[in-house]
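# Working through the structure, step by step
Below are the chains, spelled out letter by letter.
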Amino acid sequence: MGTETYITVPSFFKCPISLDVMRSPVSLCTGVTYDRASIQRWLDGGNNTCPATMQVLRTKEFIPNLTLQRLIKAWSDSVGRYAAASPPPDPTLKEVNESLRRLSLEKDDEIRLEILVRFVKDSDANRTFLSARKDLVPMLVDIIAGGTRTTTKIKLVLLAIKILDSIIKGGSEEDRKRLSNLMLTNGGGDCLTEILLAIQRGNLESKIESVRVLEVISSLDTQSKLIIAERDEILTEVITFISTESDPSLIEASLSFLITIAKSKRVRSKLIAAKTITKIKDILLTEETPSVAVTEKSLKLLETLTSKREGRSEICRGDGGRCVEGVVRKLLKVSTTATEHAVTILWCLCYVFGEDKRVKETVERSNGVTKLLVVIQSNCSPMVRQMAKDVIKVLKVKPSASDLVAYETKTTHIMPF
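### Quick look at helix α15 (residues 276–285)
Most of α15 is tucked away, with 7 of its 10 residues classed as buried. In this structure, the buried side of α15 is in contact with α12 (232–240), α13 (248–261), α14 (265–273), α16 (292–305), α17 (309–317) and α18 (322–330).

Given below as structure tokens:
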């Protein structure tokens, strides 16, 4: 059996209307480029907006994009004889509009959603186009709320979540509020149940998309956070993703979601009771270096949980102070943001509350004094540098000779983050 060769077409070579490679690219006053024939048909149809941005056009004149035309010509020449072996064509705007019109009629919904997924994944312009369709989000929410009792229904829910994740992250605050209200109506019963099943049954990509959608709908207000947090199974599933064995993108998405809902005091208590701090400790102490984003978000969530007495108790007494050791390890090792979160945690534990002497002992034993001295001379914010001074003062220790030598060595060439 022969091997088929596929040519990947650069997205900016495609007309946003026809999604075909442009033959004669022209730019509207909005800066968006289309194939001349496609945009001419759009304008001849009586439209006075840019199809991609939906902005009203101050002029319907367009300018030939000669630079892009030369690039397309050079690319076409380079692919030469391979151009005939191309993948299935991307959906046209006509197909997309027809799919939107007939969506939720149940028959062939899977095909229509797959057309929308291909369309929305192709370019930012396509995502902007779909996010402007005010009827799309309610239809997707209805599909999600419709249940996952069959294999077909599960596929529909996963596809609907994929589209929501693509269009809502770049949407306005109004769009996010609208989605949150739609999904959390009647206590969020159906939608939250289906998102939970998507998290449990979906592949890695579906899990990440589902958690990101949860973050969006929980960001509306305190009530939305509480509604989601009351679903213990959701919290349990997401917390399990904060593991050194999980995919970094899934860990990051899970931490972002937990940081969002942890803005509620009641939710913080639930997260502490669910042993979230132990999970964070394992990430901070792992031998394999987590991504910068994962480390920053781990420390940010830990900082949030230190506001609760039971959170501080878990950090101080759990596993012989290993969590504190993990925090000290990240000082000056990852980024300015990570260092600032780490200093804030130590300041809260040692200076503001100072509830446990073992914390101070762990900071000293982990070379924390030297690192805090370097923080004072670093490019951290003035507030964080003052916090570092406060922690050193409350430790009530004089820097040792080795501390001072290390301090002087590091401050002569503090590593940029």
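### Quick look at the packing of helix α4 (residues 109–122) against helix α7 (residues 151–168)
Between α4 and α7, whose axes approach to 10 Å, the crossing angle comes to 25 degrees. Classified by the angle their axes make, α4 and α7 are roughly parallel. Along this stretch, α4 crosses α7, giving a crossing that reads as left-handed. Packed against α4, whose contacting residues are D109, E110, L113, E114, L116, V117, V120 and K121, the element α7 presents T152, K155, L156, L159, K162, I163, S166 and I167 at the interface.

### Considerations on the nonpolar core
Ranked by size, the top nonpolar core spans 107 residues in total, and within it L130, L136, M183 and L258 carry the most contacts. Top element by residues in this core is α7. It accounts for 10 residues. Apart from the residues lying within four places of it in its own chain, the contact partners of L136 are L100, L103, L116, L130, I163 and I167. Formed by 18 residues, the second largest nonpolar core is a distinct cluster that contains F13, I17, Y34 and I72.

### What to know about the packing of aromatic side chains
This structure, assessed with the given rule, holds 3 aromatic pairs. With a centroid separation of 5.9 Å and an interplanar angle of 75 degrees, the aromatic rings of F119 and F129 are classed as edge-to-face. Separated by 10 residues along the polypeptide, F119 in helix α4 and F129 in helix α5 (residues 124–131) bring together distant segments of the chain. Residue F119 shares its accessibility class with F129, and that shared class is buried.

### Description of the environment of V26
Looking at the element boundaries, V26 is found in strand β1 (residues 25–27). A residue is classified by how much of its surface remains accessible, and V26, at 1% relative accessible area, is buried. A sequence separation of 10 residues divides V26 from R36, and the C-alpha atoms of the two residues are 5.8 Å apart. Residues in contact with V26, not counting those within four places in the same chain, are V32, T33, Y34, R36, I39, F62, I63, P64 and N65.

### Concerning a nonpolar patch on the surface
On the surface, Y351, V352 and F353 cluster together into a nonpolar patch covering about 250 Å² of accessible area. Residue placement: V352 occurs in helix α19 (residues 336–353).

### Considering α17
Among the residues making up α17, those that are buried are G311, R312, I315 and C316. Projected down its long axis, α17 carries its buried residues within an arc of 125 degrees, all on one side. Pointing more than 90 degrees away from the buried face of α17 are the exposed residues R309 and R317. Looking at the packing, one finds that the buried side of α17 touches α14, α15, α16, α18, α19 and α20 (357–365).

### Brief notes about the pattern of salt bridges
Applying the stated criterion to the full structure yields 11 salt bridges. In this structure, D135 engages R133 in a salt bridge whose closest nitrogen and oxygen atoms are separated by 3.1 Å. Exposure remark for R133: the relative accessible area of 25% places this residue in the partly exposed category. Here R266 ties to E230 by a salt bridge, and the two come within 3.6 Å at their closest N and O atoms. Residue R266 is located in helix α14, and its partner E230 is located in the loop between α11 (222–229) and α12; the two are separated by 36 residues in the primary sequence.

### Remarks on the sheet that holds strand β2 (residues 33–35)
The strands making up a sheet are joined through hydrogen bonds of the backbone, oriented either antiparallel or parallel. If you walk across this open sheet you meet the 3 strands as β2-β1-β3, and the pairing is antiparallel. This sheet does not close on itself; its edge strands, each paired only once, are β2 and β3 (63–64). Packed on one face of the sheet, helix α1 (residues 36–44) meets β1, β2 and β3 and runs near 95 degrees to β2.

### Things to note about the layout of surface pockets
Remark: the empty space left among the atoms is shown by a probe the size of a water molecule rolled over them. Taken as a whole, the second largest pocket encloses approximately 240 Å³ of empty space. Along the walls of the second largest pocket sit 16 residues, with D165, R212, E215, A253 and S256 positioned nearest its centre. Where the lining of the second largest pocket is concerned, the elements lending two or more residues are α7, α10 (204–218) and α13. Considered class by class, the residues forming the lining of the second largest pocket number 5 nonpolar, 4 polar and 7 charged.

About the criteria used
- Residues numbered from 1 in each chain as written.
- Predicted model: local features only at pLDDT ≥ 70, side-chain atom pairs only at ≥ 80, totals over all residues.
- Heavy atoms only, no water.
- Buried < 20%, exposed > 50% of the residue type's maximum accessible area, 1.4 Å probe, protein only.
- Helix = DSSP H or I, 4+ residues; strand = E, 2+ residues; numbered from the N terminus.
- Contact = heavy atoms within 4.5 Å.
- Axes fitted to C-alpha atoms, helices over the stretch in contact; angles between N-to-C directions.
- Parallel < 35°, antiparallel > 145°, perpendicular 65-115°, else oblique.
- Left-handed = near helix turned anticlockwise from the far one by under 90°.
- Core = buried A, V, L, I, M, F, W, Y, C linked by side-chain atoms within 4.5 Å.
- Phe/Tyr/Trp six-rings, centres within 6.5 Å; stacked < 30°, edge-to-face > 60°.
- Patch = residues over 30% accessible without salt bridge, like charges linked within 9 Å, V, L, I, M, F, W, Y side chains within 5 Å.
- Areas by Shrake-Rupley, 256 points an atom, 1.4 Å probe, with all protein chains shown as cover.
- Salt bridge = Lys/Arg side-chain N within 4 Å of Asp/Glu carboxyl O.
- Arc of directions from axis to C-beta.
- Pairing = 2+ DSSP bridges.
- 1 Å grid on protein atoms, 1.4 Å probe; cavity = no way out; pocket = protein on both sides within 12 Å on 5 of 7 lines; lining within 4 Å.
- Points joined across faces, edges and corners; volume = space filled by probe spheres on them.
- Nonpolar A, V, L, I, M, F, W, Y, C, P; charged D, E, K, R; others polar.

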